[in-house]
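# Analysis of the macromolecular model
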Amino acid sequence: MNADENLHVIQSILHGTSDLKTRTITYQKSSGVIIYLESIADTEKIQQSVIEPLNRAMDDEGTVETVITNTELSFIEELHEGVGKLLTGSCLLSFDGMCGMYAVNVTSQLTRTPEEPTNEKVVRGSHEGFVDSLTQNLGLIRKRLENKNLVVKQYVIGQSTNTKVALVYMDDLVNKEVLSEIFRRIESISADMGFSPGYLEEFMEDKTFSPFPQMLPTERPDRTMAHLLDGRVAVLSEGTATALILPVTFLSFFQSPDDFNSRVLSGSFFRLLRMVSFLVAMTLPAVYIAIIGFHFEILPNELILPVKASLEGIPFPPIIEAFVMVFTIELIREAGVRLPTPIGQTIGIVGGLVIGDAVVSAGFISNVMVIVIALTAVASFTVPTYEMGASIRILTFPLMIAASLLGFLGIVMGLMVILLHLCKLESIGTPYFAPFAPLNLSGLKDAVIRFPLWKMNNRAMDALPQKRSQRNTKGWKNK
């Protein structure tokens, strides 16, 4: 088959797409054609590593392999394989009378400078974050871990998107049973697209309908490196600046790189503060509803009159007040995230000052309820991981309903259900609520508070018992 026939077949396979470009060339008296997709190929690379070497060696007897200077040169015999190379950014070089063609990697690199992630800021330490290029992200990890045991396994996920996914782990530290389970789940994914960590997380997690995240997303290479050295696995994908860490525990979501960049006392204090904030954000509205509706007598005498005065004239019961205010806070939060930054800040100011003052002046919401919801919102912001913060806000609603029905008894019953769920939950066969369930004393050194580094002799994954999950992931479809 000659070069023109190859070009015609490729144009037919690609349905005559407009960004398919060609360039005719002659080498050693053989006519040929260079085929590439203009949208993803770098024309400068084609000129420097393909056209110019062939023109300089026009009269030489060297083969194409010895002339072309590109390091990623391969010979392809199947035309459909050549089309696959074309779609990944390579250019095809076809000559008349040749049983096959050459593929040269000339992918256009659209990269951006690593910057600090906006949602994982630290006071001390590295201010470098992942970018949207998988190759560049792997380079950021390699730069920090110059270790022969660092292994990268690449997969292609998504029958339509063909997204590159990389699993990164330390071969001498990772638990082999956990690693084989992760391999099985990745290889079992059957979907049309898989372009974001959210897709991978939903396909790989143990309990999809659990309110708690079972994988830790991060945009920080230093945080990823720390988890790799603990024996965990990182999952990265092309086109996203987020890595998924697995398996993880509940307490992993309350740890920040600043904990280890600070001294022991300050790091432990702020970690403990985050955990207290978690309980406050989840239970404070429910506690207020229970006190007003069922247990008014527990208030000190000095507070009874001010609280009672704030409730006079309010037409709604406390549960309706709480739902309206929490829903309003969520609306303001979502609007601030979706709008451009200057407008988002304005929305926050308007929502916090104008709306809050207006609903109190109108007599719809009590002053104390506004204070309670404001403290709840501030407490939820202290959680360093967005996914865990979202879980807190979701769990607030059922606890408020339980408090409105049974008071403190309802809150205790709701917390017991949450605690039972945490004890039963697993992350890739690993106990999610470790080191509390099952109890492991050595694991408590880096749990609620941080022990000095010279006191922590075991890695995080070494202290966790492994229970191989039997979840069947074959045939999962993304419709």
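Every chain begins its residue count from 1, and numbering advances along the sequence as written. Restriction of local features to residues with pLDDT of at least 70 applies here, the model being predicted, together with a cutoff of 80 or more for giving and counting side-chain atom pairs; totals for whole chains, interfaces and linings are based on all residues. Heavy atoms throughout the structure, all of them, feed into the side-chain values; hydrogens and water do not.

The next thing to look at is the domain arrangement of the protein chain. Domain delimitation in this document rests on an assignment produced automatically or drawn from a domain database. What the domain assignment lists for the protein chain is domain 1 (3–105), domain 2 (134–248) and domain 3 (260–430). Computed from C-alpha coordinates alone, the two centres of domain 1 and domain 3 are separated by 62 Å.

What follows is about the pattern of salt bridges. Here a salt bridge means any side-chain nitrogen of Lys or Arg lying within 4 Å of a carboxyl oxygen belonging to Asp or Glu. Within the structure shown, the criterion is met by 15 salt bridges. With a closest N to O distance of 3.4 Å, Glu128 and Lys143 form a salt bridge. Of this pair, Glu128 sits in the loop between β5 (101–105) and α5 (134–144) while Lys143 sits in helix α5, placing them 15 residues apart in sequence. By relative accessible area, Glu128 is classed as buried at 18%. Only protein chains enter the accessibility calculation, which uses a 1.4 Å probe; a residue is then buried when its area is under 20% of its type maximum, exposed when over 50%, and partly exposed in between. Note on Lys143: relative accessible area 48%, which makes it partly exposed. Between Lys176 and Asp171 there is a salt bridge whose closest N-O contact spans 3.0 Å. Counting from the N terminus, the helices are DSSP H or I runs at least four residues long and the strands are E runs at least two residues long.

With that settled, the discussion passes to the confidence of the model for the protein chain. Values of pLDDT, the confidence the predictor places in each residue, fall between 0 and 100. Predicted confidence across the protein chain gives a mean pLDDT of 85, with 91% of residues reaching 70 or more. Confidence scores differ between elements of the protein chain, with helix α13 (residues 341–361) showing the lowest mean pLDDT of 70 and helix α16 (residues 408–424) the highest of 95. For residues 468–479, every residue scores under 50 in pLDDT, and the model assigns this stretch 36 contacts once sequence neighbours within four places are set aside. By definition in these notes, contact holds between two residues if any of their heavy atoms fall within 4.5 Å.

Read across the open sheet, the 5 strands follow the order β1-β2-β4-β5-β3; overall the sheet is antiparallel. Either end of the sheet is taken by a strand with one partner, and the two such strands are β1 (20–27) and β3 (73–76). Across this sheet, the average inter-strand angle for adjacent strands is 25°, counted without regard to direction. Whether two strands pair depends on DSSP finding at least two bridges between them. The sheet contact formed by strand β2 (residues 30–37) and strand β4 (residues 90–95) spans 4 bridges and is antiparallel. Across the sheet, the residue bridging to Ile35 is Leu92, located in β4. An axis is simply a line fitted to the C-alpha atoms; with a helix, the fit covers only the stretch in contact. Between two such axes, the angle follows the N-to-C directions and lies from 0 to 180 degrees. Across the sheet, helix α2 (residues 43–56) is in contact with β1, β2, β4 and β5; its angle to β2 comes to roughly 170°.

Okay, the UniProt feature "transmembrane region" (unreviewed entry) in the protein chain next. The UniProt entry lists residues 233–254, 275–294, 353–379 and 399–422 under the feature "transmembrane region" (unreviewed entry), expressed in the numbering used here. The distance separating the terminal C-alpha atoms of residues 275–294 is 27 Å; by composition the span is 95% helix and 0% strand. Between the end C-alpha atoms of residues 399–422 the distance is 16 Å, and the span holds 96% helix and 0% strand. UniProt positions are given in the numbering used here, feature names are shortened, and annotations may be inferred rather than shown by experiment.

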